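# Residue-level structural notes
Next come the chains, spelled out residue by residue.
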2 protein chains.
Amino acid sequence: MSEDISLFDAMSTQRAIRNFKPDPVPQEALNKILEAASKAPSGTNRQMWHFVIVQDAEKRAKLSDIYRRAGRNALPNLQWLQDANPRILRSATHLIEHMDDAPVLLLACIEHGGETNLTTGSSIYPAVQNILLAARGLGLGSVLTTFHKQYEDEVREIFGIPDNVETAALLPIGYPADGVRYGPTRRKPIEEVTHWDVWGGRK
Amino acid sequence: MSEDISLFDAMSTQRAIRNFKPDPVPQEALNKILEAASKAPSGTNRQMWHFVIVQDAEKRAKLSDIYRRAGRNALPNLQWLQDANPRILRSATHLIEHMDDAPVLLLACIEHGGETNLTTGSSIYPAVQNILLAARGLGLGSVLTTFHKQYEDEVREIFGIPDNVETAALLPIGYPADGVRYGPTRRKPIEEVTHWDVWGGRK
């Protein structure tokens, strides 16, 4: 495991990996990923997060089936990618059909007092980003997905997730398939998305 | 700048910093922080994020005033911290009164098609976590705050933020005040928040 990767190397080469080898993920690596998740910030440090680690083949198949149905529903809205970024469309389509190729599926969940909104995410997605970065650092791949939310109740029933807990992301984790590479990734230049002192303010 | 910090060191020592020196943050460091933010994932890689960097003293004072009002509103609900974690309460109270001690205030925003919900956060808080980690890696401090959301419309008016954009977090950024240290941080053991194959499933 290449645990000594530098922070900035990890951030700049982390990318969505959607094709996996079937090789199992060592327990030690899962522990490091979970430790990394737990180091993230959360509102008032309350750590209302829960991580469901799914390795059982039957449960992975059920989750994969939900993701397939949800992803197929979403695909018509993703056809604009055919021109914009055909690589992502191919890769996303592959994952929709083959989520359980990954030996580990991780449900990142957030416990809440009632309703959730945008800022509820501030107490779970930083942990999810640490999971993605830790996977990168350990030579594993992952990707943040949310299609399964279309069938949130089904997911909750399969895993016995309580009413006051909501799933925030479904992440497959595994070793990248042969030929699948980490970044660099393509992003908008920071000048396009940065506003100095006022909206539209340029340097 | 200690840019060679390892990923796992950065994740395990990143912590909320709420006391700052007035020293300015070099432009090069801000650029590295923004680059790091832009490497985060977002839904279909659409990168609908915007980052407002506030260095102007008058605008920082206005934002600080909003944060002070909002934070004072919130304080009665935080008194349970007096027993649970008095250090956080002291530190949070300091930030409520002195947000603009920090030479840089960053508003992380997300552009959306209409309403936002929990999963909208999956396209902005991973970038926020990269900002926190990059700050740590550069010897700077920051903290993810959301109190200002009580006065979202005021914030939007001050900075001219459009209707289809919502602020997700307000982050002060600066060099940590003397005596303020990075982690290790206290967190629940991962065994308490991990469920193996089913809710409540233990190893």
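Described in the following lines is the structure provided in the data block.

### Some remarks on the overall build of chain A
Across its full length, chain A holds 8 helices and 5 strands. For 203 residues, the compact-globule formula gives about 17 Å, and the C-alpha radius of gyration of chain A, at 17 Å, lands near that figure. Expressed as lengths along the three principal axes of its C-alpha atoms, the size of chain A is roughly 55 × 45 × 40 Å. With an accessible surface of roughly 8300 Å², chain A has 46% of that area assigned to carbon and sulfur atoms. The averaged location of the 25 negative side-chain charges in chain A is 6 Å from the averaged location of its 23 positive side-chain charges.

### Topic: the interface of chain B and chain A
Each partner contributes residues to the interface: chain B has 81 residues there, and chain A has 81 residues. Here chain B meets chain A over a buried area of about 6700 Å², counting both sides, of which 65% is carbon and sulfur. Three residues, Leu118, Asp197 and Trp199 of chain B, lead the burial of chain B against chain A; their summed loss comes to 13% of the area buried on that side. Seen at the junction of chain B and chain A, the total is 0 salt bridges. The interface formed by chain B and chain A holds 30 residue pairs in polar contact (both at pLDDT 80 or more) in total. At the level of secondary structure, the elements contributing two or more residues to the side of chain B that touches chain A comprise helix H1 (7-13), helix H2 (27-38), strand S1 (49-54), helix H6 (125-137), strand S4 (165-174), helix H8 (190-193) and strand S5 (194-196) of chain B. Of the residues that constitute the side of chain B that touches chain A, the class distribution is 39 nonpolar, 27 polar and 15 charged.

### Focus: the pairing of S1 of chain B
A large share of S1 of chain B lies buried, amounting to 6 of its 6 residues. A two-sided burial pattern is seen for S1 of chain B, the buried positions comprising Trp49, Phe51 and Ile53 of chain B on one face and His50, Val52 and Val54 of chain B on the other. As paired elements, strand S5 (residues 194-196) of chain A and S1 of chain B share 3 bridges and run parallel to each other. For Trp196 of chain A, the partnering residue across the bridge sits in S1 of chain B and is Ile53 of chain B. In this sheet, strand S2 (residues 104-111) of chain B lies alongside S1 of chain B in antiparallel orientation, the contact comprising 6 bridges. Directly across from Phe51 of chain B, in S2 of chain B, lies its bridge partner Ala108 of chain B.

### Points about the relation of the copies chain B and chain A
Overlay of chain B on chain A (RMSD 0.0 Å): rotation 180 degrees, translation along the axis 0.0 Å. The superposition of one copy onto the other is thereby described by a two-fold rotation axis. Take the interface residues of chain B: 100% of them recur as interface residues in chain A, which is what a same-surface contact looks like.

### Considerations on the pairing of S4 of chain B
All names here are of chain B. Judged by how many residues are buried, S4 sits mostly within the fold: 10 of 10 residues are covered. Across 8 bridges, the pairing between S2 and S4 is antiparallel. Counted as the bridge partner of Ala108 is Ala169 from S4.

### Comments concerning the side chain of Arg187 of chain B
Along the polypeptide, Arg187 of chain B turns up in the loop between S4 and H8. For Arg187 of chain B, which is buried and forms no salt bridge, the nearest opposite charge comes from Glu35 of chain A, at a distance of 9.0 Å. Among the polar contacts made by the side chain of Arg187 of chain B, one reaches the main-chain carbonyl oxygen of Lys39 of chain A at a distance of 3.2 Å. Reaching out from Arg187 of chain B, the side chain makes a polar contact with the side chain of Asn45 of chain A at a distance of 3.1 Å.

### With respect to the pattern of salt bridges
For the coordinates displayed, the defined rule picks out 16 salt bridges over all chains. Among the salt bridges present, the one from Asp178 of chain B reaches Lys21 of chain B, with a minimum N-O distance of 3.6 Å. Note that Asp178 of chain B is positioned in the loop between S4 and H8 and Lys21 of chain B in the loop between H1 and H2, a separation of 157 residues in sequence. The exposure class assigned to Asp178 of chain B is exposed, which follows from its relative accessible area of 67%. With a relative accessible area of 30%, Lys21 of chain B lands in the partly exposed category. Via salt bridges that share partners, Lys149, Glu152, Arg156 and Glu166 of chain A belong to a single interconnected network.

### Some words on H6 of chain B
All names here are of chain B. The first and last C-alpha atoms of H6 sit 18 Å apart over 13 residues, in line with the 18 Å expected at 1.5 Å per residue. Most of H6 is tucked away: 13 of the 13 residues are buried. Phi turns positive, to about 80 degrees, at Gly139, one or two residues after H6.

### Some points on the nonpolar core
Residues Phe51, Ile124 and Tyr125 of chain A together with Phe51, Ile124 and Tyr125 of chain B are the most contacted members of the largest nonpolar core, which totals 80 residues. Sequence-distant contacts of Phe51 of chain A, defined by excluding residues within four places in its chain, comprise Leu34, Ala37, Leu106, Leu107, Ala108, Ile124, Ala127 and Ile131 of chain A together with Val193, Thr194 and His195 of chain B.

### What to know about the sheet that holds S1 of chain B
If you trace the 5 strands from one edge of the open sheet to the other, you get S5(A)-S1(B)-S2(B)-S4(B)-S3(B), paired in mixed fashion. At either margin of the open sheet sits one strand with a lone partner, and together these are S5 of chain A together with strand S3 (141-142) of chain B. Sitting on the sheet, H2 of chain B is in contact with S5 of chain A together with S1, S2 and S4 of chain B, with an inclination near 160 degrees to S1 of chain B. Seen against the sheet, H6 of chain B touches S1, S2, S3 and S4 of chain B and runs at an angle of roughly 5 degrees to S4 of chain B.

### Describing the sheet that holds S5 of chain B
Within the open sheet, the 5 strands sit side by side as S3(A)-S4(A)-S2(A)-S1(A)-S5(B). Their pairing is mixed. Since the sheet does not close on itself, it has two edges, and those belong to strand S3 (141-142) of chain A together with S5 of chain B, each with one partner. With respect to the sheet, helix H6 (residues 125-137) of chain A is in contact with strand S1 (49-54), strand S2 (104-111), S3 and strand S4 (165-174) of chain A, its orientation differing from that of S4 of chain A by roughly 5 degrees.

Conventions and cut-offs
- Residues numbered from 1 in each chain as written.
- Chains lettered and ligands numbered in written order.
- Predicted model: local features only at pLDDT ≥ 70, side-chain atom pairs only at ≥ 80, totals over all residues.
- Heavy atoms only, no water.
- Helix = DSSP H or I, 4+ residues; strand = E, 2+ residues; numbered from the N terminus.
- Rg over C-alpha atoms; globule rule 2.2 N^0.38 Å.
- Areas by Shrake-Rupley, 256 points an atom, 1.4 Å probe, with all protein chains shown as cover.
- Lys, Arg positive; Asp, Glu negative; His and termini not counted.
- Charge placed at Lys NZ, Arg CZ, Asp CG, Glu CD.
- Contact = heavy atoms within 4.5 Å.
- Buried area = accessible area lost by both parts, 1.4 Å probe.
- Salt bridge = Lys/Arg side-chain N within 4 Å of Asp/Glu carboxyl O.
- Polar contact = N/O pair within 3.5 Å; in protein donor to acceptor, adjacent residues only side chain to side chain.
- Nonpolar A, V, L, I, M, F, W, Y, C, P; charged D, E, K, R; others polar.
- Buried < 20%, exposed > 50% of the residue type's maximum accessible area, 1.4 Å probe, protein only.
- Pairing = 2+ DSSP bridges.
- Least-squares fit on C-alpha atoms with pLDDT ≥ 70 in both.
- Expected span 1.5 Å × (residues − 1).
- Core = buried A, V, L, I, M, F, W, Y, C linked by side-chain atoms within 4.5 Å.
- Axes fitted to C-alpha atoms, helices over the stretch in contact; angles between N-to-C directions.

Any link to function would need more than the numbers given here.
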